[in-house]
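Structural description and commentary
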Amino acid sequence: MEIKKLHKGFTLIELLLVMAVLAVVGGITSTFLFGTKTNAALEEDARQIANILKTAQNRATTLEEGTQWGVHFDNLGADPFYELFWGISYETGTTTDRIYLGSSVVFQIPPAASSTNIVFSKRMGNPSNGTSTTIIVRDIIHQATKTITVSPIGRVTVQ
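Residues numbered from 1 in each chain as written. Predicted model: local features only at pLDDT ≥ 70, side-chain atom pairs only at ≥ 80, totals over all residues. Heavy atoms only, no water.

1. Describing the overall build of the protein chain
Stated formally: By the criteria applied, helices consist of DSSP H or I runs no shorter than four residues and strands consist of E runs no shorter than two, each listed in order from the N terminus. Each residue's exposure class comes from its accessible area (1.4 Å probe, protein chains only) as a fraction of the maximum for that residue type: buried when under 20%, exposed when over 50%, partly exposed otherwise. Pairs of residues are marked as contacts when any of their non-hydrogen atoms sit within 4.5 Å. Each accessible area is a Shrake-Rupley estimate made with a 1.4 Å probe; only the visible protein chains count as cover when residues are assessed.
Summing up its helical and strand segments, the protein chain has 1 helix and 8 strands in all. Put simply, the protein chain runs from its N terminus to its C terminus through helices and strands in the order α-β-β-β-β-β-β-β-β. Classification of the 159 residues of the protein chain by burial places 34% in the buried group. Within the protein chain, residue pairs in contact and separated by at least 24 positions form 57% of the contacts whose partners lie at least 6 positions apart. As displayed, the protein chain offers around 10,000 Å² of accessible surface, 60% of which is attributable to carbon and sulfur atoms.

Following this line, the structure appears as structure tokens:
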């Protein structure tokens, strides 16, 4: 009569194989989740920039404060920001709201150590310089970008 041994448990190879599969699945999941969070921050900053540009444009067309309105984009220091202002220029105008970009988002345009202004004309709401202006924000982790454009007729788009 032959006695059969019953084996209970897993072999070392089976355990290692399961751990390897879990590591791969965990890595893929965490990359997806962190990438989504960063893209959401970039999307949010681009949307906020478009909204403040539209706010400046609306205030200029309704003659709020009786003058032009604009947005100043500042990439001069370590903390890039943009600021809503009224008046013919940022230098002589009055600012209202200063908004800093998210921690993983920077301006690509305007480039480092520079700034730019987009000023909307009274009543018409088109850029007072008569040209198209582009602002580009970049996610420094994944290198994704969003482009905010103000056309010569004042149309604000995000791509």
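Past the structure itself, the notes keep going.
2. Brief notes about the sheet that holds strand E7 (residues 145-150)
Backbone hydrogen bonds are what pair the strands of a sheet, in a parallel or an antiparallel way. For the record, the criterion: A pair of strands is considered paired only if DSSP assigns at least 2 bridges between the two. Under this scheme, a helix contributes an axis fitted over its contacting stretch, all axes are lines through C-alpha atoms, and angles between N-to-C directions fall in the 0 to 180 degree range.
In spatial order, the strands read E4-E6-E7-E8; together these 4 strands make up an open sheet with antiparallel pairing. Each having just a single partner strand, strand E4 (105-109) and strand E8 (156-158) make up the two edges of the open sheet. Each strand axis lies, on average, 20° off the axis of its neighbour in the sheet, ignoring direction. The pairing of E4 with strand E6 (residues 133-139) spans 4 bridges and is classified as antiparallel. Bridged to Val 105 within E6 is Asp 139.

3. Things to note about the packing of aromatic side chains
Test applied: Pairing of aromatic rings covers Phe, Tyr and the six-membered ring of Trp, with a centre-to-centre limit of 6.5 Å; geometry is then stacked below 30 degrees between planes, edge-to-face above 60, and tilted otherwise.
Tallied over the full model, the rule gives 5 aromatic pairs. Between Phe 73 and Phe 107, the ring centres sit 5.9 Å apart and the planes meet at 90°, which makes this aromatic pair edge-to-face. One end of the pair, Phe 73, is in strand E1 (residues 69-75); the other, Phe 107, is in strand E4, and 34 residues separate them in sequence. What makes Phe 73 buried here is its relative accessible area of 0%. What links up through ring pairs into an aromatic cluster is the set Phe 73, Tyr 82 and Phe 107.

4. Topic: the pairing of E7
For E7, the buried fraction is high: 5 of the 6 residues fall into the buried class. Judged from the 6 bridges that link them, E6 and E7 form a sheet pairing that is antiparallel. For Ile 135, the partnering residue across the bridge sits in E7 and is Ile 148. The antiparallel pairing of E6 with E7 creates a hairpin that spans 5 residues between the two strands, and Gln 143 there sits at a positive phi of about 60°.

5. A word on the side chain of Asn 75
Counted only if it meets this: For this analysis, a polar contact is any N or O atom pair within 3.5 Å, provided that within protein one partner can donate a hydrogen and the other can accept it, and provided that sequence-adjacent residues contribute only side-chain to side-chain pairs.
Inspection of the secondary structure puts Asn 75 in strand E1. Overall, Asn 75 belongs to the buried group, its relative accessible area being 8%. Of note is the side chain of Asn 75, whose polar atom sits 3.4 Å from the backbone oxygen of Phe 107. Here Pro 111 takes part through its backbone oxygen, which lies 3.3 Å from a polar atom of the side chain of Asn 75.

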